[in-house]
Amino acid sequence: MIRHEIDFLVVGSGIAGLSFALRVASKGKVAVITKKKDSESNTNYAQGGIASVIKSEDSFEKHINDTLQAGRGLCHDDVVRVIVEHGPDAIRKLIDLGVAFSHTGDRSSLENLDAGQEGGHSAKRVVHAADYTGREVETRLLAAIKASPNITLYEDHLAVELIVDSAAGKTNCYGCHVFDAISGEIKAFAARVTLLATGGLGQVYVHTTNPSIATGDGVAMAYRAGASIANMEFMQFHPTALYHPEGDYFLISEAVRGEGARLKLKSGETFMENYHEQKDLAPRDVVAKAIDRELKLSGDPCVYLDLTPIKSDYIMRRFPNIYNRLLGLGIDITRDPIPVVPAAHYMCGGIRTDVRGKTDIGRLYAVGETACTGMHGANRLASNSLLEAVVVAEFAAESALDTFDSTISLGIPKLLEKYMEDSGNSVGEHEEVLISHSKSELRRHMWHYVGVVRSNERLNRAWKRLEILTEETEDFHHRYPPSFGAIELRNLVTAAQLIVRSAMLRKESRGLHYNVDYPETDDINWRYDTILRKDD
Ligand code: FAD
Ligand code: SIN
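Computed from a prediction, not measured in an experiment: that's the story for all the values here.

Undergrad: I'd like a description of the site of ligand 2, backed by residues and values.
TA: Around ligand 2, the neighbouring residues are Gln47, Gly48, Glu118, His238, Leu251, Ser253, Glu254, Arg284, His345, Arg380, Ala382 and Ser383. Within the backbone of Gly48, a nitrogen or oxygen atom sits 2.9 Å from an oxygen atom of ligand 2. For the shell around ligand 2, the per-class residue count stands at 2 nonpolar, 6 polar and 4 charged.

Here it is, written out as structure tokens:
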């Protein structure tokens, strides 16, 4: 088996992984592995921007308060405070890396940056690069990574399983087994520190804004290795994904509503005033639920987003990405209403960590969408995820550097062989079509039974179907040599199980988890995180 020995192993090349890699590279050899091409990540598709207090009329207290309100009682106050207070510093560091945020006047003063408005925010504070913020950030981070002599980037390398060892009641991580998608081999990346920065899991649902990489690999690997997983019932559905046969659930940024666009029914009537005082700019859980209700009442397949209150030339300048993409589909957003529906967007739960990204496995960190620090509680405030990822990556890197021990032995042959004994010795060819069928079955079940509105009956149905899929995918895993599709499917099924189990445990409605059988929020019995571990 090919074996690499490095100091720091980073799994994932989105904002979390790349930020961490840049920071630790001063002290050791870093490998960044990523399962497709380097920029393919949720980060690359981010539109709205990064929430941070940059204007004198805004304040940390307001941003903290908005985050806590959106999180419906489950945010960890201390985590929210420290992340919000480090926002301006994180924005400055990104500017120093060359990120060209939209601005007027001198870019070195944060006051001159343009700040967008999004749902649940009481002030304009979303720093952005037009409506392609993620692409701009990802491009600059990758350029810096490629210029660093201590960092090697491995594309088409899919992490499969963490290498862990338990002794004296403590589990430690020594890196990862990795599937090389080009050669088809399993390799061992042995590391003194490992970071999971594998992003989200929107692909668990058939309708999602997430690209194909978002299959919950980090959460599934960490769960199998014994880490605690928190709050998986809180899947955020973005209210406005494009509804179009060729649109592939392309996101229509909330920033569009921040500039004055209105949600309307087919009749042309607005409706958000019936649901929340902040109308179209209410927090996401409220807007997604309102649209879901209106669609059920009317039987229509979508609602519409009307941008005509915004001047045409401003639309083209402020939202060039959305404008051009939709024009290509025959929709001129300066005059035509955009058909939209909610779609799975962001996982608020994940691998439980502290604010330094530390998991409960030694030498294993998790940062970004795969992690759950307590920042987002039961519902993430818009544009708080890029903020959390970049700030916590910095804290995690500091913590890893503080405790870094270059003398830790990586001579762990018994662990390296274990993966092959468990799975990889099998031979034979499987039919890839079985994997794609199971995947589409899973994604449809999750959409129909574990969506915006849940019930005990729907959750029970989902669970029963997942039991069958679990049995089949585990059988597959043991009988056949690894393949990209089979590895991802196994992780998707594990992620779906964690979502459904968490949703079944929470006998109340809160934020993004709405169960018609328990419609009220119950602060006396349920104001705590849902934690799952493999051995519980
Ligand atoms: P990602 O950026 O998703 O990166 C994960 C990386 O891990 C990828 O490189 C992936 O290929 C790799 N990977 C995954 N599994 C494996 C594996 N097994 N082995 C190797 N590599 C692996 N948030 C905001 O704050 N503001 C916004 O405006 C915003 N807009 C968004 C718009 C869209 C369309 C989407 C989908 C999300 C948006 N979000 C936004 C959310 C935000 O983009 C993500 O939460 C954030 O980018 C996650 O960063 P990350 O580094 O944790 O993960
Ligand atoms: C958006 O631009 O609407 C997405 C922002 C986010 O998900 O935080």
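Undergrad: Give a description of the sheet that holds strand S12 (residues 262-264) that names residues and reports values.
TA: Ordered in space as S11-S14-S13-S12, the 4 strands form an open sheet in which the pairing is antiparallel. Each edge of the open sheet is held by one strand with a lone partner, namely strand S11 (235-242) and S12. Strand-to-strand, the axes of this sheet are offset by a mean angle of 45°, without reference to chain direction. Bridge count for S12 against strand S13 (residues 303-306) is 3 bridges, and the pairing is antiparallel. Each bridged residue has a counterpart across the sheet, and for Arg262 the counterpart in S13 is Asp306.

Undergrad: Give a detailed account of empty space enclosed by the protein, specifying residues and quantitative values.
TA: Remark: the empty space left among the atoms is shown by a probe the size of a water molecule rolled over them. Counting across every chain of the model gives 3 cavities of 30 Å³ or more. What the largest cavity holds in volume is close to 50 Å³. Lining of the largest cavity is provided by Phe237, Arg284, Asp285, Ala288, Lys289, Val452, Gly511, Leu512 and Tyr514. By residue number, the principal contributor to the lining of the largest cavity is helix H8 (residues 284-298), which donates 4 residues. Across the lining of the largest cavity, the residue classes break down as 5 nonpolar, 1 polar and 3 charged.

Undergrad: Which residues make up H8, and what values go with them?
TA: The terminal C-alpha atoms of H8 lie 21 Å apart, and with 15 residues this matches the ideal 21 Å at 1.5 Å per residue to within 8%. Residues Arg284, Asp285, Val286, Val287, Ala288, Ala290, Ile291, Asp292, Glu294 and Leu295 constitute the buried set of H8. Residues of H8 that are buried sit in contact with S11, helix H7 (255-258), S12, S13 and strand S14 (338-347). Phi turns positive one or two residues past the end of H8, at Gly299, with a value near 75°.

Undergrad: Which residues make up the site of ligand 1, and what are the values?
TA: Taken together, 38 residues form the shell around ligand 1, and within it Thr43, Gly49, Asp217, Glu369 and Ser385 come nearest. Contact distances for ligand 1 include 3.3 Å between an oxygen atom and a backbone N or O atom of Glu40. Here ligand 1 loses 98% of its free accessible area of 1000 Å² to cover by the protein chains. Listing elements by their share of the shell around ligand 1, those giving two or more residues are helix H1 (15-24), strand S7 (157-167), S14 and helix H11 (384-403). Among the residues forming the shell around ligand 1, the class breakdown is 13 nonpolar, 20 polar and 5 charged.

Undergrad: Tell me about unusual backbone geometry, residues and numbers included.
TA: Phi at Arg363 takes a positive value of approximately 60°, unusual for a residue other than glycine. Tracing the chain through its elements places Arg363 in the loop between strand S15 (350-352) and strand S16 (364-366). You will see that Ser383, though not glycine, has its phi angle at about 65°, which is positive. Mapped onto the secondary structure, Ser383 falls in the loop between strand S17 (371-372) and H11.

Undergrad: For the sheet that holds S17, give the residues involved together with the corresponding values.
TA: Taken in spatial order, the 4 strands make up an open sheet running S17-S15-S10-S18, and their pairing is mixed. At either margin of the open sheet sits one strand with a lone partner, and together these are S17 and strand S18 (531-532). Looking at chain direction, strand S10 (residues 229-230) and S18 are connected through 2 bridges and run antiparallel. Its bridge partner lying in S18, Ile229 is registered against Leu532. Set on the sheet, helix H6 (residues 217-225) makes contact with S10 and S15; between it and S15 the angle comes to about 45°.

Rules behind the numbers
Residues numbered from 1 in each chain as written. Chains lettered and ligands numbered in written order. Predicted model: local features only at pLDDT ≥ 70, side-chain atom pairs only at ≥ 80, totals over all residues. Heavy atoms only, no water. Near = heavy atom within 4 Å. Polar contact = N/O pair within 3.5 Å; in protein donor to acceptor, adjacent residues only side chain to side chain. Nonpolar A, V, L, I, M, F, W, Y, C, P; charged D, E, K, R; others polar. Pairing = 2+ DSSP bridges. Helix = DSSP H or I, 4+ residues; strand = E, 2+ residues; numbered from the N terminus. Axes fitted to C-alpha atoms, helices over the stretch in contact; angles between N-to-C directions. 1 Å grid on protein atoms, 1.4 Å probe; cavity = no way out; pocket = protein on both sides within 12 Å on 5 of 7 lines; lining within 4 Å. Points joined across faces, edges and corners; volume = space filled by probe spheres on them. Expected span 1.5 Å × (residues − 1). Buried < 20%, exposed > 50% of the residue type's maximum accessible area, 1.4 Å probe, protein only. Contact = heavy atoms within 4.5 Å. Areas by Shrake-Rupley, 256 points an atom, 1.4 Å probe, with all protein chains shown as cover.

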